[in-house]
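Single-letter residue listing:
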Amino acid sequence: MEFLKRRQSELMMEGVSLEELGRNMGTPLYVYSLSAILEQMQAMQSAFGAHPTTFCYAVKANSNINLLKEIFKQGFGADIVSVGELERALVAGADPGKIVFSGVGKDEGEIRRGLEAGILCFNVESMFELRAISRIAKAVGKKARICLRINPNIDAKSNPKISTGLYTSKFGIPYQSAAEYLALVRDRSEIQLIGLACHIGSQIVDLSPVKNAAQSMVKLCKETIQAGFPIVYLDLGGGLGIQYDQESPPAFQAYADTILSEIKETSLKLILEPGRVIVGNSGVLITKVLGIKRTPAKRFVVIDAGMNDLLRPSMYDAYHAIEPAVTKSGKLELADIVGPICETTDILASDRPLPDVNEGDLLVVKSCGAYGFSMASHYNTRPKPAEILVQGASAKVIRRRERLADLWASEYIEDSQ
Ligand code: LLP
């Protein structure tokens, strides 16, 4: 189903006019289609068919509790990277038995809370983390389930800024060092090794690195089992890409077949940690044109959404399609679409063909469901946008727009002198 399409001149999300929504709710405004999210989850689940697979949604992609509730209701678990994400996931009803705790640096409090909550596993990335988990598990009298997150030294062929699978990256345990970690785990009764994990990067649109990673990891799993560790899980992380521009990401079935063909000869259960592919294309950011400014070199369309609202273009040179909420006639002309932030890099799109938009028009920035709101900040003392969840003709506020007073509320410190 197409969740964004024009009804005459108006861009609709399901049954809701984005122009009307933007006018009523104010801008900048994040809007997500619940039907789009549900469709992605179901398509992914059905692609993996009968193979025992735990889908752990990567909470960092979009962590709104109302979205998380819908995601967990479908049987997904959670991939988390902080105690904040853990508490969010629990508040939203996640099954602790389907939570994997990823991340390159977990502090003592986070490890304690993960143990107490009874999460499925910690994905361990270093010796110091293994020692810390071991020490804390002993202290609280609990057995810690872990996977070793391996860095297989495979290039995800994605943007280097979101690639994690090479030895030049801070993530994971070098493939060649796995044996050292196994030796350490063997002696520790407070640690139970349940599997091996890897995550080679994000926005992956080429299946060959996925195949290579699955192959290397299956090989290492087999060696680990032969070495006397009865592991049951292979966690292949997230990373499946979506279409932002001209790229053609693989269909779920092709992705699943690539992985299943490597794992099917084993009795390993799968864990996957999809984020972007679940929510990315479901969301848009509606923004208003504040005005047009021309210099001898450029046409600037100044909008009310900045890099604090959507960081991806300034941080990764990421492409997001941008269209007027109501069709504009006339020929396309190149424009730089820029935000109000006092930074030269506050550019949502450069040299983008755009019709003759005017002050007050609404623009829709597409594919903002993942790493949009979740990376928003208060830079320039700007309140974060509201978030809306659409399903059919209904549009529900799932996060109110922040008020200015929210921004400095935590700066009122009582003077104890
Ligand atoms: N698992 C782990 C261990 C991860 O580090 C990540 C993403 C995921 C799963 C989910 O990956 P996904 O399926 O969403 O690709 N902010 C960047 C993306 C950073 C991804 C960080 N890790 C962006 O806006 O493109």
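Above this note sits the structure.
Notes on the structure in this doc start here. (Residues numbered from 1 in each chain as written. Predicted model: local features only at pLDDT ≥ 70, side-chain atom pairs only at ≥ 80, totals over all residues. Heavy atoms only, no water.)

## With respect to the pattern of salt bridges
Moving on, step 1. Taken as a whole and assessed by the stated rule, the structure comprises 22 salt bridges.
Moving on, step 2. Of the charged contacts, one joins arginine 6 and glutamate 323 as a salt bridge, the two residues approaching to 2.9 Å between their closest N and O atoms. With arginine 6 in strand β1 (residues 4-7) and glutamate 323 in strand β16 (residues 322-324), this pair connects stretches of sequence that are 317 residues apart.
Moving on, step 3. Between arginine 299 and glutamate 333 there is a salt bridge, with the nearest N and O atoms lying 3.9 Å from each other. With arginine 299 in strand β15 (residues 299-303) and glutamate 333 in strand β17 (residues 333-338), the pair connects residues that are 34 residues apart, well separated along the chain.
Moving on, step 4. In this structure arginine 299 comes out as buried when scored by relative accessible area, which is 3%.
Moving on, step 5. Residue glutamate 333 is classed as partly exposed on the basis of its relative accessible area of 30%.
Moving on, step 6. One salt-bridge network, held together by shared partners, links Arg6, Glu323 and Lys366. (Salt bridge = Lys/Arg side-chain N within 4 Å of Asp/Glu carboxyl O. Helix = DSSP H or I, 4+ residues; strand = E, 2+ residues; numbered from the N terminus. Buried < 20%, exposed > 50% of the residue type's maximum accessible area, 1.4 Å probe, protein only.)

## Considering the site of the ligand
Moving on, step 1. The ligand sits among 19 residues. The nearest are Ser202, Glu273, Arg312, Tyr316 and Tyr371.
Moving on, step 2. The backbone of arginine 276 places a nitrogen or oxygen atom 2.8 Å from an oxygen atom of the ligand.
Moving on, step 3. Across the shell around the ligand, the residue classes break down as 6 nonpolar, 7 polar and 6 charged. (Near = heavy atom within 4 Å. Polar contact = N/O pair within 3.5 Å; in protein donor to acceptor, adjacent residues only side chain to side chain. Nonpolar A, V, L, I, M, F, W, Y, C, P; charged D, E, K, R; others polar.)

## Overview of the packing of aromatic side chains
Moving on, step 1. All told, the structure shown has 6 aromatic pairs when counted by the stated rule.
Moving on, step 2. When the centroid spacing of 6.1 Å and the interplanar angle of 80 degrees are considered together, the rings of phenylalanine 48 and tyrosine 255 count as edge-to-face. On the criterion of sequence distance, the pair formed by phenylalanine 48 in the loop between α2 (34-47) and β5 (53-58) and tyrosine 255 in helix α9 (residues 252-263) is long-range, its members being 207 residues apart.
Moving on, step 3. For phenylalanine 48, a relative accessible area of 2% puts it in the buried group.
Moving on, step 4. In this structure tyrosine 255 comes out as buried when scored by relative accessible area, which is 3%.
Moving on, step 5. The interplanar angle of 25 degrees and the centroid separation of 5.3 Å between the aromatic rings of phenylalanine 55 and phenylalanine 76 together place this pair among those described as stacked. Placement of phenylalanine 55 in strand β5 and of phenylalanine 76 in the loop between α3 (65-73) and β6 (77-80) is noted, with a sequence separation of 21 residues between them. Phenylalanine 76 carries the same exposure label as phenylalanine 55, and that label is buried.
Moving on, step 6. Ring-pair connections join several aromatic residues into one group, and the members of that group are Phe48, Phe55, Phe76 and Tyr255. (Phe/Tyr/Trp six-rings, centres within 6.5 Å; stacked < 30°, edge-to-face > 60°.)

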